[in-house]
Every structure is written in structure tokens, then in C-alpha cells.
Amino acid sequence: MKSFDNYSLLRHNTFAINVKSRHYVEYDNIKDLHELLHDLAQEQKLFIGRGSNLLFEGDFDGCVVHSNINDIAVEKSDANHVWLRAGAGVHWDSFVAYCVDHGFYGAENLSLIPGEVGAAAAQNIGAYGAEASQIIEAVECVDTMDNSEDMVDVAHCDYSYRHSLFRTHPGRYAIHHVVFRLSRTFSPNLSYSALRSQFGDKNGYTAADIRRYVIQLRENKLPDPRRVGNAGSFFMNPLVGEADVLRVTGITPGIPYFPGKEEGTYKLPAAALIENCGWRGKRIGNVGVWDTQPLVLVNYGGATGAEVADLATRVAKSVSDKYGITLTPEVQYIK
């Protein structure tokens, strides 16, 4: 294990907010995880991956815990599927690349999402018509309440849009491995319009082709957090009823909306709402709204978490004032 006091988190959050934690610990195996949880039983804990979905509003008066478990292994397989067990510290895009390279399918639409495997399972990351929960079989973790091992089957992870059991109870579960169920047969997910337009009338393309195209889409649209501080999509797409859709389209004819999973519900693209409130490319001091994707708030350099939070409040208020729609942050605020 590695342990530090008064530790800078600048390199551990993609918003590049310069804050510190009272303690910082990295562990390399499950035995060490149990030991540190025993030693830190009375301390406030924050389990992080690469900090790609976090906004630190100030220094963290507790212990930040990070997994260095980065193994990937085939747990079992049959004629149709393979089950991979990946450590929480595995870089997510490296995991996707591993799957595509080995002919294991289902993760390719989730290419280039920043973060690590453990955080991906906790956040139920999603993009281009896919979600992590669609390929997760189970999450292996330690329950910090009693330092006991737990294997949470996907059916009990309470997964929904950017939601899980692990987000409902932050700090309780320390994820150390995730088991994924991948297909041996390539069956492309073209539910997202851009992928459907690119591949829908073609034959002979592969999962590697979809991965390359998704990477291209993301690189063209989203800022690289290594150069411009950001956490990707800041807000969730609002799930609304028919009356909300009629009101919004009455104010801005032609604004897109899509059927939700439940009958009578619709998903409004938060990016379209934000753009139609005039925020695309707008900058206020050290922070701003990205010019090619208004769902992304950015730190142009030297911003505090409070500055980003204030911008988010302003953006959400303008959407509420104009459309009567509440935007909910996808990003987790850490105080």
C-alpha cells in the first residue's frame, strides 16, 4: 500500500481542481483493502477511480482511496459468452480495447470513456446507446459497514440511467473487481443515430470499426481532459412526461426528444436545452461551456470547484426559467 497525508488531488480529478485530501491511500490487492478499511473504520472515505465524474468544491477532510488492482482474467466461457473478471483499477478504455482485440463483444460502444472499471460499474457509465450495466454480471466489493466480502449480482445493483446501488450509498462499498459477460458473436448496437447512419446500410464491418468510429466521434466533440479540465457530460438528460415535451417544443419547435424506457416518458437532450438557452461556447472567467458539446462544462485553467458549481447553477437556472425543466448533475459534488 501507499499512504500519504495532506495529498494533492490535482492529478486525481479530470476537472483539474487543485485541492487536497487529509489522507490518500492506494491498495494493490484485496488483503490490503481489508486492512486499510479496518484501520480507517472511523474515517470518512471516498473511493475514486480517475476522478472523471467528480467535482471537488474544496479540500476533502477524510481519506481518498484508490485501487491499483489492474488484472483482467477469463473467469469462465461457453460457446456463446465469455465472463471476464477485471480489477477496479483497470483503465476503462484499456478494458474495452482488450475485449475488442480478443473478440469479446458488447463493450465497443463505450470506447474512450475516461475512468476505471470500478467507477464505471458504480456510475453505470453509458454512451452511444449502451450502458455498462448491460454487460455487467456482478460486482465484487467489500462492505465497509462490517469489512465483509460481498458479490452483488447485477439484478441487485439497482441499475438505471447513471444510477446504481453504489451511488445511492457512497462510501459504503469498496469495489475491487467487476465480472462482465461478453458475447462471442458480434451483434452491433446501432441504436444511436450517428452509428446507425454510419453502419446501418453496410456489411462486413467489425467491432473494431465501431470502436474507431466512436473514438472519432468523442475526440471531435469532447475536450481531452488532459488538456482542458472537464468531467464529460455534466448533466443527465431529463426524463419527462408528455406535457413537458409539449411545453418545450412549443417554446422551441423542432427541439429533439426520444421515447423513454417506460410508457409515457420521454428523454430530452440536456445539450439541446442548454444550447437553446445561449450557453454554447460561453466563458465566464476560468470556466465555460464547451463549444462543440454544451453538455460539457470546462475548467480553462486555475478554476476552483466553486466556480464550476456556480456555472452549473447558472446553466440549470436558465433552463428552468425558459423551459420549466430541472437539470440534474451527473457529476458527483464532493465537499
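Residues numbered from 1 in each chain as written. Predicted model: local features only at pLDDT ≥ 70, side-chain atom pairs only at ≥ 80, totals over all residues. Heavy atoms only, no water.

Once that is clear, we can look at the nonpolar core. Counting 47 residues, the largest nonpolar core has W92, F95, V139, F166, F180 and L182 as its most contacted members. Secondary structure elements with two or more residues in this core: β7 (81–87), α2 (92–101), α3 (117–123), β10 (136–143), α4 (165–168), β12 (173–183), α5 (193–199) and α6 (207–221). The residues contacting W92, other than those within four sequence positions of it, are L110, I113, G115, E116, V117, A120, I125, I135 and F180. In terms of nonpolar packing, the next biggest core, distinct from the first, is built from 44 residues, L46, F235, L268 and A270 among them. (Core = buried A, V, L, I, M, F, W, Y, C linked by side-chain atoms within 4.5 Å. Buried < 20%, exposed > 50% of the residue type's maximum accessible area, 1.4 Å probe, protein only. Helix = DSSP H or I, 4+ residues; strand = E, 2+ residues; numbered from the N terminus. Contact = heavy atoms within 4.5 Å.)

Right, let's talk about the packing of α2 against α6 for a bit. Working note: a packed helix pair is described by the angle between its axes plus the distance between those axes. One way to put it is that α2 packs onto α6 with a least axis distance of 10 Å and a crossing angle of 155°. Regarding the angle of α2 to α6, the classification is roughly antiparallel. Note that α2 runs across α6; the crossing there is left-handed. Residues D93, V96, A97 and V100 of α2 lie in contact with α6, whose contacting residues are A207, A208 and R211. (Axes fitted to C-alpha atoms, helices over the stretch in contact; angles between N-to-C directions. Parallel < 35°, antiparallel > 145°, perpendicular 65-115°, else oblique. Left-handed = near helix turned anticlockwise from the far one by under 90°.)

As for its placement among the helices and strands, N299 is situated in strand β19 (residues 296–299). Polar side-chain contacts of N299 include one of 3.1 Å to the backbone nitrogen of A303. Ignoring any residue separated from it by four or fewer positions in sequence, one finds N299 in contact with F15, A16, I17, V228, G229 and N286. (Polar contact = N/O pair within 3.5 Å; in protein donor to acceptor, adjacent residues only side chain to side chain.)

Right, let's get into the environment of F15. With respect to the helices and strands, F15 occurs in the loop between β1 (2–8) and β2 (20–27). By relative accessible area, F15 is classed as buried at 0%. The spatial distance from the C-alpha of F15 to the C-alpha of N53 is 8.6 Å, given a sequence separation of 38 residues. With near-sequence residues (within four places) excluded, F15 lies in contact with L54, L55, G229, N230, A231, F234, L297, V298, N299 and V308.

Bringing the packing of aromatic side chains into the picture now. For the structure shown, the criterion picks out 16 aromatic pairs. Relative to Y173, the ring of F166 has its centre 5.7 Å away and its plane inclined at 90°; by these criteria the two rings are edge-to-face. Of the two residues, F166 and Y173, neither departs from the other in class, the shared state being buried. The rings of Y105, F186, F199, Y205 and Y213 are connected pair by pair, giving a single aromatic cluster. For the cation-ring pair, K267 lies above Y161, with the distance from its terminal atom to the ring centre recorded as 4.1 Å. Here K282 stacks its cationic end above the ring of W279, 4.8 Å away from the centre of that ring. (Phe/Tyr/Trp six-rings, centres within 6.5 Å; stacked < 30°, edge-to-face > 60°. Lys NZ or Arg CZ within 6 Å of the ring centre and 35° of its normal.)

Considered as a void within the structure, the second largest pocket measures approximately 600 Å³ in volume. By residue class, the composition of the lining of the second largest pocket is 17 nonpolar, twelve polar and four charged. (1 Å grid on protein atoms, 1.4 Å probe; cavity = no way out; pocket = protein on both sides within 12 Å on 5 of 7 lines; lining within 4 Å. Points joined across faces, edges and corners; volume = space filled by probe spheres on them. Nonpolar A, V, L, I, M, F, W, Y, C, P; charged D, E, K, R; others polar.)

Taken as a whole, this structure holds 17 salt bridges when the rule is applied. In this structure, E43 and R22 form a salt bridge, with 3.4 Å as the shortest nitrogen-oxygen distance. Placement of the pair is E43 in the loop between α1 (30–39) and β3 (45–48) and R22 in strand β2, with a sequence separation of 21 residues. Two residues, R172 and D143, come together in a salt bridge whose shortest N-O distance is 2.9 Å. You can see R172 sitting in the loop between α4 and β12 and its partner D143 sitting in strand β10, a full 29 residues away along the chain. (Salt bridge = Lys/Arg side-chain N within 4 Å of Asp/Glu carboxyl O.)

One non-glycine residue, L112, lies in the positive phi region at around 65°. Here L112 is to be found in the loop between α2 and α3. Residue classification places L112 among the partly exposed residues on the basis of a relative accessible area of 28%. The phi dihedral of N147 falls on the positive side, at around 60°, and the residue is not glycine. One can find N147 in the loop between β10 and β11 (148–153). Assessed through its relative accessible area of 24%, N147 is described here as partly exposed.

Attention shifts here to the side chain of H12. Looking at the secondary structure, you find H12 in the loop between β1 and β2. Within the structure, the side chain of H12 is placed 3.1 Å from the side chain of Y7, a separation counted as a polar contact. Contacts of H12, omitting those with residues within four sequence positions, involve Y7, Y24, E26, I48, R50 and G51.

Moving on to α1. Given 3.6 residues per helical turn, the α-helix brings residues three or four places apart onto the same face. The set of residues buried in α1 consists of D32, L33, L36 and L37. Seen along its axis, α1 keeps its buried residues to an arc of 135°; they face one direction. Opposite the buried face of α1, by more than 90 degrees, sit the exposed residues K31, H38 and D39. Tucked inside the fold, the buried residues of α1 contact β2, β3, β5 (60–67), β10 and β12. For α1, the N-terminal capping position is held by N29, with its side-chain oxygen 3.2 Å away from the main-chain nitrogen of K31. (Arc of directions from axis to C-beta.)

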